Amino acid sequence: MPHGCSPVVGRRCENGRTMDRPRQPALDGIRGVAVAMVLAFHGGFGWMSGGYVGVSVFFTLSGFLITRLLLDEHEGTGRIGLSRFWNRRIRRLLPASLMCIVGVVLLWKAGAFAATIDLRADVLGAVGQVFNWVQLAGDTSYTEQVAGGLSPLDHFWSLAIEEQFYWLWPVVLIAILRTARPDRWIVAITAVSCAAAPLIAVVWGADAAYWATPARAGEILVGASLAVMVRRRPGFAGVHGDWLGAAGATVVVLCAVTWTADGGPAYSGWFPVFALASGAVILGALAGPVLSAGLAFSPLVGLGRISYGVYLFHWPIFLLVDERLDRTTGSFAIKVALTLVVAMASFQFVERPVQVARPDFGRDAVLAVGSMTAVAIAALVVPLTADDPFADPELAAGQLDDVVTDTSPLIPLTSVATDAPDARNRDRAPTAADTTAAAETAAAETTEPAPSIATETTPPPAASTTTTSEVVARDDGPPADVEALPPVPPRPVRVLIAGDSVAWTVANGLVAWADEHPEYLAFDQEIAISCGFIEPTETPILDGEYQEDCDDMVDRRLPAAIERVKPDVVMLMTTRADVEPRTWSSDEGQLDATDERFVDRQVADYVELTREIHEAGTPHVIWLTPPVVRSGPLPDAPMMDPTAMASLWSAFDETAEVSGDNTHTIDLARWYPAAGFDDRDARPDGIHFQLDPSTEIADRFMAGSILQIALGR
């Protein structure tokens, strides 16, 4: 049976066979706009808080182009050549992809991407085209997840979804084309897939709604259905293209500037609905005279031609620059310039030569499988893991096992005059004779029974705002290093640390210090990721399991730990959660962390928690101020704002003042910027402390400060 082809938008027919379509500049323009949105989003610009929707535009455009290509081939030849199709996809995508992966590995081995803990899982996921499932399986460390994809391969999740579509859709389409009404089948499958997205969000959560292939397939299939519609009604785009395209472009831009990266429609299954807007833009680009002319603007078309390389290389380049430069408009320009240079070189010297070379499926398949296998084997053989700053929380629990039953009092040392050991000789602990003498002196100077822990404290200084995120200092200057340790107490001071992931990394350094000085301190910790101490309210970053875990830590695990370990000190720290905007009531609306109403409720919750901890038998509560975050997962995150963070510190100070002498603050936020650390080494992701710097912080400041408070010195 002969197979003819009719002239449809953008098609060429010759002797009943479908020929390759000429490039349509406006479609390249869509690619250019989409990748530009992604670049701006990853550049940290608050006005492009939803720029990640550019990836969804790519999905829909890919679904349209691939389905149109396959339908053209079927109409022209009566069949779909799977080997030919897959060969073209492999030749188009694999060479640059492998070059990026190998380059990332070499740079990581040379010391770049210091915040990436487990590169092996990332490499295997990227090579195997299943990176999105690796993310969902939780194989990436929390360091990478909380910092917004600090793995240099993190963006491979979207490439994996497209590649999975390329493997499966031609097979499905062949089966559909054997039915009586293939067009209806395609539309029906699209509708079912779109309906599945919100269901997946409800049943499996926000991560699945964003990363799972079934949840994102609807966006691609909207493009497939659009390809069917354009074939059936070739004049539709010419009649309605401009107004549909303008409406779709308006929706795309509105979503790009209003959606957020920490919650909302993107994580609730709304992407298939957004894909309808992307489809409208594609229609406008096909035949809408006004929109197609605008999208054919030469710089957009040029960017669209190299958009694959731009997307592929931009993320590792952005991370490399962020390790050396602060996020500014100037650094963004540097990142974009480097990305364009690398993408153009890749297009000119890698992608195009492979594409124009004479195809040979057998040879190409062997080369593809061989190269992928070689990279995968190398990833399995070469060490690609680093020390995780998030140590096992059970490590700290063991320190208290041997001392929790010791109920002997700690000796107050406030009035003891002894020659403290020099800071350079901290490893030499004071002798037992020193301790005995201190005890005798203390007993001689008081006729009152000695309390288990002294209650003397110095009121903390008041916080003030500043205009720099690098050094935030108060009027009286940063605290000094604690140059000397007190005499050894009769038993180790028991400290329970509760807080978020930043508290976890601070605790790791204290745990390491206490391992070397077990006579002084012993630690336990209760940690919940992104957790704060304001009573549960509506805040996007604590949706789902994070909120549940935070509530469980504050309401159940923390009180249980206090009863179990009988701490002398409970130290509390939060960084992100309690500076995020919150909504207490719909009438009042969302309040920022600097709003007086926000602060009043914040302090009230902190004071209540402090009271409960004291009533549970803990003599001292310490609120530990977190440093300003240098970079974060979201554009303009409040934890990167010195003013918002200063408001948090002030809330800690006010809590200590209201709660009385047994409540204290340790001002790490003020000490750390002046302590001489290279923050890019100490906090590679701009948020969390590496173990070695954290241990140095414990040695120079934290351990001594805790001992001064606990021992009343």
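Residues numbered from 1 in each chain as written. Predicted model: local features only at pLDDT ≥ 70, side-chain atom pairs only at ≥ 80, totals over all residues. Heavy atoms only, no water.

A word on the overall build of the chain. Helices and strands together make up the secondary structure of the chain, namely 26 helices and nine strands. Within the chain, counting contacts between residues at least 6 apart in sequence, those at least 24 apart form 79% of the total. Of the roughly 29500 Å² of accessible surface on the chain, a fraction of 59% belongs to carbon and sulfur atoms. (Helix = DSSP H or I, 4+ residues; strand = E, 2+ residues; numbered from the N terminus. Contact = heavy atoms within 4.5 Å. Areas by Shrake-Rupley, 256 points an atom, 1.4 Å probe, with all protein chains shown as cover.)

Moving on, we get to the sheet that holds strand 9 (residues 663-666). On the basis of which strands lie adjacent, the open sheet formed by five strands has the order 4-3-5-8-9 and parallel pairing. Each of the sheet's edge strands pairs with one partner strand only, and the pair in question is strand 4 (521-527) and strand 9. The mean angle between the axes of side-by-side strands here comes to 25°, regardless of whether they run parallel or antiparallel. One ladder, built from five bridges, connects strand 3 (residues 493-499) with strand 5 (residues 569-573); its direction is parallel. Residue pairing for strand 5: Leu496 is matched across the bridge by Val570. (Pairing = 2+ DSSP bridges. Axes fitted to C-alpha atoms, helices over the stretch in contact; angles between N-to-C directions.)

Of note, Ser694 is situated in helix 26 (residues 691-710). A polar contact is formed between the side chain of Ser694 and the backbone nitrogen of Gly509, at a distance of 3.1 Å. (Polar contact = N/O pair within 3.5 Å; in protein donor to acceptor, adjacent residues only side chain to side chain.)

Once that is clear, we can look at helix 12 (residues 271-287). Because each turn of an α-helix spans 3.6 residues, side chains separated by three or four positions end up pointing in the same direction. For helix 12, with 17 residues, the first-to-last C-alpha span of 25 Å sits near the 24 Å given by 1.5 Å per residue. Buried residues dominate helix 12, accounting for 14 of its 17 residues. (Expected span 1.5 Å × (residues − 1). Buried < 20%, exposed > 50% of the residue type's maximum accessible area, 1.4 Å probe, protein only.)

A separate point is the pairing of strand 3. With respect to burial, strand 3 is a largely interior element, seven of its seven residues being buried. Burial along strand 3 is two-sided: the residues Val493, Val495, Ile497 and Gly499 and Arg494, Leu496 and Ala498 are all buried. Running through helix 20 (residues 501-516), the crossover from strand 3 to the neighbouring parallel element strand 4 is right-handed. (Right-handed = clockwise from strand over helix to strand, strands pointing away.)

The contact between helix 3 (residues 82-109) and helix 17 (residues 361-381) brings their axes to 10 Å, and the two run at 30°. On the basis of the axis angle, helix 3 is roughly parallel to helix 17. Relative to helix 17, helix 3 is oriented so that their crossing is left-handed. Contact residues: Ser83, Asn87, Ile90, Arg91, Leu94, Leu98, Ile101 and Val102 in helix 3; Phe361, Arg363, Asp364, Ala368, Ser371, Met372 and Val375 in helix 17. (Parallel < 35°, antiparallel > 145°, perpendicular 65-115°, else oblique. Left-handed = near helix turned anticlockwise from the far one by under 90°.)

Looking now at the packing of aromatic side chains. By the definition in use, this model includes 26 aromatic pairs. Seen in terms of ring centroids, Trp259 and Phe274 are 5.9 Å apart; in terms of plane orientation they differ by 50°. Their pairing is tilted. Here Trp259, found in the loop between helix 11 (236-258) and helix 12, pairs with Phe274, found in helix 12; they are 15 residues apart in sequence, far enough to count as distant. Here Trp671 and Phe677 contribute two aromatic rings whose centre-to-centre distance is 6.0 Å and whose plane-to-plane angle is 65°, an arrangement assigned as edge-to-face. The exposure classification of Trp671 matches that of Phe677, with both residues buried. Among the aromatic residues, those joined into a cluster by ring pairs are Phe41, Tyr52, Phe59, Trp157, Tyr210, Trp259, Tyr267, Phe271 and Phe274. (Phe/Tyr/Trp six-rings, centres within 6.5 Å; stacked < 30°, edge-to-face > 60°.)

Evaluation of the coordinates by the stated rule reveals 25 salt bridges. The partner of Arg232 in a salt bridge is Asp183, with the nearest N and O atoms 2.9 Å apart. You can see Arg232 sitting in helix 10 (residues 213-232) and its partner Asp183 sitting in helix 8 (residues 182-204), a full 49 residues away along the chain. On the basis of relative accessibility, which here comes to 22%, the residue Asp183 falls in the partly exposed class. A network of salt bridges, in which partner residues are shared, links Glu526, Asp549, Asp552, Arg556 and Arg557. (Salt bridge = Lys/Arg side-chain N within 4 Å of Asp/Glu carboxyl O.)

Before going further, it helps to spend a moment on unusual backbone geometry. Phi angles above zero are rare outside glycine, and Gln129 is one such case at about 60°. Tracing the backbone shows Gln129 in the loop between helix 4 (119-127) and helix 5 (131-136). The class for Gln129 is buried, based on a relative accessible area of 14%.

What follows concerns the packing of helix 2 (residues 53-77) against helix 12. Contact pair helix 2 / helix 12: the axes reach a minimum separation of 9 Å and the direction vectors enclose 60°. Between helix 2 and helix 12, the angle is such that the two are oblique. With respect to the hand of their crossing, helix 2 and helix 12 are arranged in right-handed fashion. Across the interface between the two elements, Val53, Ser56, Val57, Thr60, Leu61, Phe64 and Arg68 from helix 2 touch Phe271, Phe274, Ala275, Ser278, Gly279, Ile282 and Leu286 from helix 12.

Turning next to a negative patch on the surface. A cluster of acidic side chains, namely Glu596, Asp600, Glu654 and Glu657, defines a negative patch on the protein surface. For the negative patch, the elements supplying multiple residues, two or more each, are helix 22 (596-615) and helix 23 (642-659). Inspection of the secondary structure puts Glu654 in helix 23. (Patch = residues over 30% accessible without salt bridge, like charges linked within 9 Å, V, L, I, M, F, W, Y side chains within 5 Å. Lys, Arg positive; Asp, Glu negative; His and termini not counted. Charge placed at Lys NZ, Arg CZ, Asp CG, Glu CD.)

Position of Ala208 among the secondary structure elements: in helix 9 (residues 206-211). Between the alpha carbons of Ala208 and Ser268 there is a distance of 9.7 Å; along the sequence they are 60 residues apart. Excluding residues within four positions of it along the chain, Ala208 makes contact with Leu136, Ile200 and Ala215.

To continue, consider helix 2. The first and last C-alpha atoms of helix 2 sit 36 Å apart over 25 residues, in line with the 36 Å expected at 1.5 Å per residue. Most of helix 2 is tucked away: 21 of the 25 residues are buried. Backbone geometry just after helix 2 places Gly78 at a positive phi near 80°.

Inspection of the secondary structure assignment puts Asp524 in strand 4. Within the structure, the side chain of Asp524 is placed 2.5 Å from the side chain of Arg564, a separation counted as a polar contact.

Moving on, we get to a nonpolar patch on the surface. A surface patch of nonpolar side chains, about 490 Å² in accessible area, is lined by Leu199, Val202, Val203 and Trp204. With respect to the secondary-structure elements, Val202 resides in helix 8.

Counting buried positions over the five residues of strand 8 (residues 620-624) gives five, a clear majority of the element. Neither face of strand 8 is exposed, since His620, Ile622 and Leu624 on one face and Val621 and Trp623 on the opposite face are all buried. Strand direction decides the pairing type here: strand 5 and strand 8, joined by four bridges, are parallel. Within the sheet, the bridge partner assigned to Val569 lies in strand 8 and is His620. Both strand 8 and strand 9 contribute to a ladder of four bridges, which runs parallel. Bridge assignment links Leu624 to a residue of strand 9, and that residue is Ile666.

Attention now moves to the environment of Leu572. On the secondary structure map, Leu572 appears in strand 5. Residue Leu572 is classed as buried on the basis of its relative accessible area, which comes to 0%. Remark: the alpha-carbon pair of Leu572 and Ala498, spanning 74 residues in sequence, is separated by 5.1 Å. The residues touching Leu572, leaving out its near neighbours within four places in the chain, are Ala498, Phe533, Leu558, Leu609, Ile613, Val621, Ile622, Trp623 and Leu624.

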